[in-house]
Amino acid sequence: MSESLGSTRYLYLVRHGEALGDGGGLTEGGRRQAVLLGRRMRNVAFSTVHHGPLPRAEQTARLVREQLELEVPLEVSEVAGDYVPYVPERDELPAESADDLLRFLQQATPEELKRGPELARLALERFAGPVDGEDEQRELVVTHNFLIGWLVGHAMGAPNWRWLSLNHCNAALTVIRYAPGRPASMLVYNDMQHLPADLRWTGFPDGLN
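Below: a short report on this structure. (Residues numbered from 1 in each chain as written. Predicted model: local features only at pLDDT ≥ 70, side-chain atom pairs only at ≥ 80, totals over all residues. Heavy atoms only, no water.)

## Topic: unusual backbone geometry
Of note, A171 is a non-glycine position whose phi angle comes to about 60 degrees, a positive value. We classify A171 as buried; its relative accessible area is 0%. With phi around 55 degrees, N190 is a residue other than glycine that occupies positive phi space. Counting through the fold element by element, N190 comes out in strand β6 (residues 185-191). (Buried < 20%, exposed > 50% of the residue type's maximum accessible area, 1.4 Å probe, protein only. Helix = DSSP H or I, 4+ residues; strand = E, 2+ residues; numbered from the N terminus.)

This is the structure in structure tokens:
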């Protein structure tokens, strides 16, 4: 008898709603975004809702869960937090953009740059790939832009530095399918159809709305 390869994991990734500038919780718009996102996913049978430890992620996760039809456990996880997942060397980067990308990374503290890659490795172990057992599983991770970029880049087989060039809007939805014996598949990316026009594109670079 051949060894089981496990079952399909559907990983739902969400950036927190629009946040206050002081590093605290959500704005009124961010709360509306979270509620509307939760309503969109109302019928999804999640096994767990994971969220990072910062207030904006925790509040988003709780507002989303309140809209779900099924009781779903909330699980706070440091690996779902806000950190720099990978620090590239200059020669890994495109020559024309290396200075700007490295300058951006200089905003992080030495401790963040040192600790982030280990958390990113643990995030791949925890959230990427098929699940054990015979039943497929759906998990929701309420997190931050950097981790979504890291997981999406990994799923697509992109170079490790590519997380730096991916942007995710507040309360937008991304879904990755990890099926046994098959490459990861991007089913949905940065989808905002559940948000009205005035709540879309927050958290994204100016000029692209």
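## With respect to empty space enclosed by the protein
Per the counting criterion, the structure on display carries one cavity of 30 Å³ or more. For the largest cavity, the calculated volume is near 40 Å³. As for the largest cavity, its lining consists of G149, W150, G153, H154, A158, P159, N160, R162 and W163. A class-by-class count of the residues in the lining of the largest cavity yields four nonpolar, four polar and one charged. (1 Å grid on protein atoms, 1.4 Å probe; cavity = no way out; pocket = protein on both sides within 12 Å on 5 of 7 lines; lining within 4 Å. Points joined across faces, edges and corners; volume = space filled by probe spheres on them. Nonpolar A, V, L, I, M, F, W, Y, C, P; charged D, E, K, R; others polar.)

## Re the pattern of salt bridges
All chains considered together, the criterion is met by 13 salt bridges. Salt-bridge contacts for E78 lead to R115; the nearest nitrogen and oxygen are separated by 2.5 Å. With E78 in the loop between β3 (74-76) and α3 (98-105) and R115 in helix α4 (residues 110-127), this pair connects stretches of sequence that are 37 residues apart. Judged by its relative accessible area of 39%, R115 falls in the partly exposed class. (Salt bridge = Lys/Arg side-chain N within 4 Å of Asp/Glu carboxyl O.)

## Details of the nonpolar core
L11, L13, Y83, F127, W150, L151 and W163 are the most contacted members of the largest nonpolar core, which totals 31 residues. If we ignore the near neighbours within four places in the chain, the residues touching W150 are P85, Y86, A120, L124, N160 and W163. A34, M41, V49 and L173 belong to the second-largest nonpolar core, a separate cluster that totals 27 residues. (Core = buried A, V, L, I, M, F, W, Y, C linked by side-chain atoms within 4.5 Å. Contact = heavy atoms within 4.5 Å.)

## A few points about the packing of aromatic side chains
Inspection of the entire model under this criterion finds five aromatic pairs. For the ring pair Y12 and F46, a centre distance of 4.9 Å and an interplane angle of 85 degrees mean the geometry is edge-to-face. Taken together, the residues Y12 in strand β1 (residues 9-15) and F46 in the loop between α1 (28-40) and β2 (48-51) connect sequence positions 34 residues apart. Of the two residues, Y12 and F46, both sit in the buried class. On the basis of an interplanar angle of 15 degrees and a centroid distance of 6.3 Å, the ring pair of Y86 and W150 is categorised as stacked. Taken together, the residues span a long stretch of sequence, with Y86 in the loop between β3 and α3 and W150 in helix α5 (residues 145-155) at a distance of 64 residues. The pair Y86 / W150 is uniform in exposure class, with both members buried. The rings of F104, F146 and W163 are connected pair by pair, giving a single aromatic cluster. (Phe/Tyr/Trp six-rings, centres within 6.5 Å; stacked < 30°, edge-to-face > 60°.)

## Here we look at the packing of α1 against helix α2 (residues 55-67)
How two helices pack is summed up by the angle between their axes together with the distance between the axes. As a packed pair, α1 and α2 sit with axes 7 Å apart at the nearest point and diverge in direction by 40 degrees. In terms of axis orientation, α1 runs oblique to α2. Remark: the crossing between α1 and α2 carries right-handed chirality. Of the residues in α2, those in contact with R31, A34, V35, L37, G38 and R39 of α1 are T60, L63, V64 and Q67. (Axes fitted to C-alpha atoms, helices over the stretch in contact; angles between N-to-C directions. Parallel < 35°, antiparallel > 145°, perpendicular 65-115°, else oblique. Left-handed = near helix turned anticlockwise from the far one by under 90°.)

## Some remarks on α3
Turning to α3, its buried residues number three or more, namely A98, L101, L102 and L105. Along the axis of α3, the buried positions cluster into a sector of 95 degrees, meaning they face one direction only. Buried residues along α3 sit in contact with α4. (Arc of directions from axis to C-beta.)

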